[in-house]
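Now for the letters of each chain:
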Amino acid sequence: MIKLSNISKSFGQNQVLKSVDMTVNKGEVVVILGPSGSGKTTLLRCLNYLEKPNSGEIVIGDYRVDCKHTTKKEIHALRQKSAMVFQQYNLFKHKTALDNVMEGLVIVKKMPKEEAKARSVALLEKVGLGEKLDSYPSQLSGGQQQRVGIARALALEPEVILFDEPTSALDPELVGEVLTVIRNIAKEGITMIVVTHEMGFARDVANHVVFMDGGMIVEEGTPEQIFHHPKEDRTKQFLKRIT
Ligand code: ADP
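Note that the coordinates shown come from a computational prediction; the quantities given were computed from them, not determined experimentally.

A. The pairing of strand E3 (residues 29–33), seen in detail. Of all five residues that make up E3, five are buried, and the element is covered over most of its length. Examined bridge by bridge, E3 and strand E8 (residues 192–195) share four bridges and lie parallel to one another. Among the inter-strand pairings, Val 30 is bridged to a residue of E8, identified as Ile 193. Here four bridges tie E3 to strand E9 (residues 208–213), and the two strands are oriented parallel to one another. Bridged to Val 31 within E9 is Val 209.

Listed below in structure tokens is the structure:
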């Protein structure tokens, strides 16, 4: 249901993505692993069009764009199909948890306020923040802020949620609560692409694992294949270093 074909992206002379192909089936959890600088975040950002690929094709569901010739309207439509959960949460600092989640529903989806509020309250309860609706980000821990970020992504009911190292900014003792929330969402069959360095979590949650290095997909397969029987030397070395 999601297909990236020949996605290339350069920043100046630096070619960060080299003709990447990736397919994600509906309901699947794909984990992207790889060393720092290998292009993982850029790939997610291209899918959400926070970065414009130089070339390639993106298909999400029945929607298809040729990245060389995108119109503003196409970009707007494509962005609605995915939601990103960021490393640094990216919440509006001057808005409460509830308003952060409601914002996209009211502004982007044009949902009536009462309906948006009901949905947002339910989602904040679901991520364990029913008591924190009126708190501002500065009054929340990093783990709580990230759970607001997850509720905000869920609220939009996108075809896919993109997690960009969702726990890497957190103190170690707060990582678990965020991973638990993500695990629970994964069980509901929501399509997800997750960039993470949390190997135990990756092993548990992934249906499919992609290993990137140097702007390319070096190897991909089931968690069993990648973690226990990697074929490529680069994958083996990476796993040795990180586990
Ligand atoms: P990863 O997520 O695997 O750590 P990134 O996608 O963040 O890798 O980065 C890949 C490469 O692209 C790095 O060399 C990084 O410096 C470069 N890069 C990423 N974003 C930008 C940008 N906005 N401008 C210039 N270079 C960038």
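B. Inspection of the layout of surface pockets at higher detail. The computed volume of the largest pocket comes to approximately 560 Å³. Residue lining of the largest pocket: 22 residues in total, with Arg 79, Ser 82, Ala 83, Val 108 and Leu 156 positioned closest to the centre. When residues of the lining of the largest pocket are traced back to their parent elements, those giving at least two are helix H2 (72–79), strand E6 (82–85), helix H3 (97–108) and helix H5 (142–155). If one sorts the elements of the lining of the largest pocket by residue count, H3 sits on top with five residues. For the second largest pocket, the full set of lining residues is Lys 26, Gly 27, Leu 123, Lys 126, Leu 154, Glu 157, Pro 158, Ile 161, Glu 188, Gly 189, Ile 190 and Thr 191. Taken together, the residues of the lining of the second largest pocket sort by class into five nonpolar, three polar and four charged.

C. View of the packing of helix H4 (residues 113–126) against H5. With their axes 9 Å apart at the nearest point, H4 and H5 run at an angle of 135 degrees to one another. Regarding the angle of H4 to H5, the classification is oblique. Read as a crossing pair, H4 and H5 show a hand that is right-handed. Residue-level contacts link Arg 119, Leu 123 and Leu 124 of H4 to Val 148, Ala 151, Leu 154 and Ala 155 of H5. Counted by class, the contact of H4 with H5 contains six nonpolar, no polar and one charged residues.

Reading the values: rules and limits
All chains use their own residue numbering, which begins from 1 and follows the written sequence. Where local features are concerned, this predicted model is filtered to residues with pLDDT of at least 70; where side-chain atom pairs are given and counted, the filter is 80 or more; whole-chain, interface and lining totals use all residues. To obtain the side-chain values, all non-hydrogen atoms of the structure were included, while hydrogens and water were left out. Accessible area is worked out with a 1.4 Å probe on protein chains only. A residue is then buried under 20% of its type maximum, exposed over 50%, and partly exposed in between. A run of H or I in DSSP counts as a helix once it spans at least four residues, and a run of E counts as a strand once it spans at least two, with each numbered from the N terminus. When DSSP finds two or more bridges between two strands, those strands count as paired. Definitions used throughout: a 1 Å grid over protein atoms alone; a cavity as a set of points that fits a 1.4 Å probe which cannot get out; a pocket as an open set with protein on both sides within 12 Å along at least five of seven lines; a lining residue as one with an atom within 4 Å of a point. Grid points are joined across faces, edges and corners, and a volume is the space filled by probe spheres set on the points. Charged residues are taken to be Asp, Glu, Lys and Arg, nonpolar residues to be Ala, Val, Leu, Ile, Met, Phe, Trp, Tyr, Cys and Pro, and polar residues to be all remaining types, Gly included. Helix axes are fitted to C-alpha atoms over the stretch in contact, other axes to C-alpha atoms as well, and angles between N-to-C directions run from 0 to 180 degrees. Just so you know how the angles are binned, under 35 degrees is roughly parallel, over 145 roughly antiparallel, 65 to 115 roughly perpendicular, and the rest oblique. We call a crossing left-handed when the near helix sits turned anticlockwise from the far one by less than a right angle, and right-handed when that turn is clockwise. Contact between two residues is taken to exist if any of their heavy atoms lie within 4.5 Å; hydrogens are not considered.

The analysis is restricted to geometry; functional conclusions fall outside its scope.
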